[in-house]
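Okay, here's what each chain looks like letter by letter:
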Amino acid sequence: MKFAARVYRWAAIYGIASLLLAYLRPVPDPWHLTYLAFVGVALVFQGVFLVIARDPVRFEPLMPVTFFEKLCFGVPAVAFAARGQVELTMGVFGAIDLVLMTLFFIAWRRLRNAAA
């Protein structure tokens, strides 16, 4: 339980810090609203991570949803960076999300195994 709480808490802290910085990044005009909406929804999920961190056992059924939250950005960011279609830093942030997704999965499996 402590592992899950730490993973989700640190993921939220990292996410809040990096996403707040994303609000300062210049965005091309036609995509401005879409970009801000993405950042806003991602910030909401940091709150979900904090809720899970407070009581991982109670919120264990919500954990698989968090895997997909990380995959939705991680996979495209790494793929686009590998093809040179976005800055390498986007690929790095995508890779961090994939590492966090892996840690989320490990935390979820540990909780399920402990409950069995």
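Source: prediction; values computed, not measured.

*Asks:* Requested: an account of the pattern of salt bridges, with residues and values cited.
*Replies:* All told, the structure shown has four salt bridges when counted by the stated rule. One salt bridge in this structure joins Arg-25 and Glu-87, with 3.4 Å as the shortest N-O distance. Separated by 62 residues along the polypeptide, Arg-25 in the loop between α1 (2-22) and α2 (32-54) and Glu-87 in the loop between α3 (63-82) and α4 (88-115) bring together distant segments of the chain. Arg-25 gets classed as partly exposed once you look at its relative accessible area, which sits at 33%. Judged by its relative accessible area of 45%, Glu-87 falls in the partly exposed class. Residues joined in a network through salt bridges with shared partners are Glu-69, Lys-70 and Asp-97.

*Asks:* Please provide a residue-by-residue account of α4, values included.
*Replies:* For α4, built from 28 residues, the straight-helix expectation of 40 Å at 1.5 Å per residue is met to within 8% by its first-to-last C-alpha distance of 41 Å. Lining the buried residues of α4 we find α1, α2 and α3.

*Asks:* Explain the packing of α1 against α4 residue by residue, including any values.
*Replies:* For the pair α1 and α4, the least separation of the axes is 9 Å and the interaxial angle reads 160°. Considering the angle they form, α1 stands roughly antiparallel to α4. Two packed elements cross with a definite hand, and for α1 against α4 that hand is left-handed. Mapping the contact onto sequence places Phe-3, Ala-4, Val-7, Tyr-8, Ala-11, Tyr-14 and Ser-18 in α1 and Phe-93, Ile-96, Asp-97, Leu-100, Leu-103, Phe-104, Ile-106, Ala-107, Arg-110 and Leu-111 in α4. Taken together, the residues of the contact of α1 with α4 break down into 14 nonpolar, one polar and two charged.

Rules used in this analysis
- Residues numbered from 1 in each chain as written.
- Predicted model: local features only at pLDDT ≥ 70, side-chain atom pairs only at ≥ 80, totals over all residues.
- Heavy atoms only, no water.
- Salt bridge = Lys/Arg side-chain N within 4 Å of Asp/Glu carboxyl O.
- Helix = DSSP H or I, 4+ residues; strand = E, 2+ residues; numbered from the N terminus.
- Buried < 20%, exposed > 50% of the residue type's maximum accessible area, 1.4 Å probe, protein only.
- Expected span 1.5 Å × (residues − 1).
- Contact = heavy atoms within 4.5 Å.
- Axes fitted to C-alpha atoms, helices over the stretch in contact; angles between N-to-C directions.
- Parallel < 35°, antiparallel > 145°, perpendicular 65-115°, else oblique.
- Left-handed = near helix turned anticlockwise from the far one by under 90°.
- Nonpolar A, V, L, I, M, F, W, Y, C, P; charged D, E, K, R; others polar.

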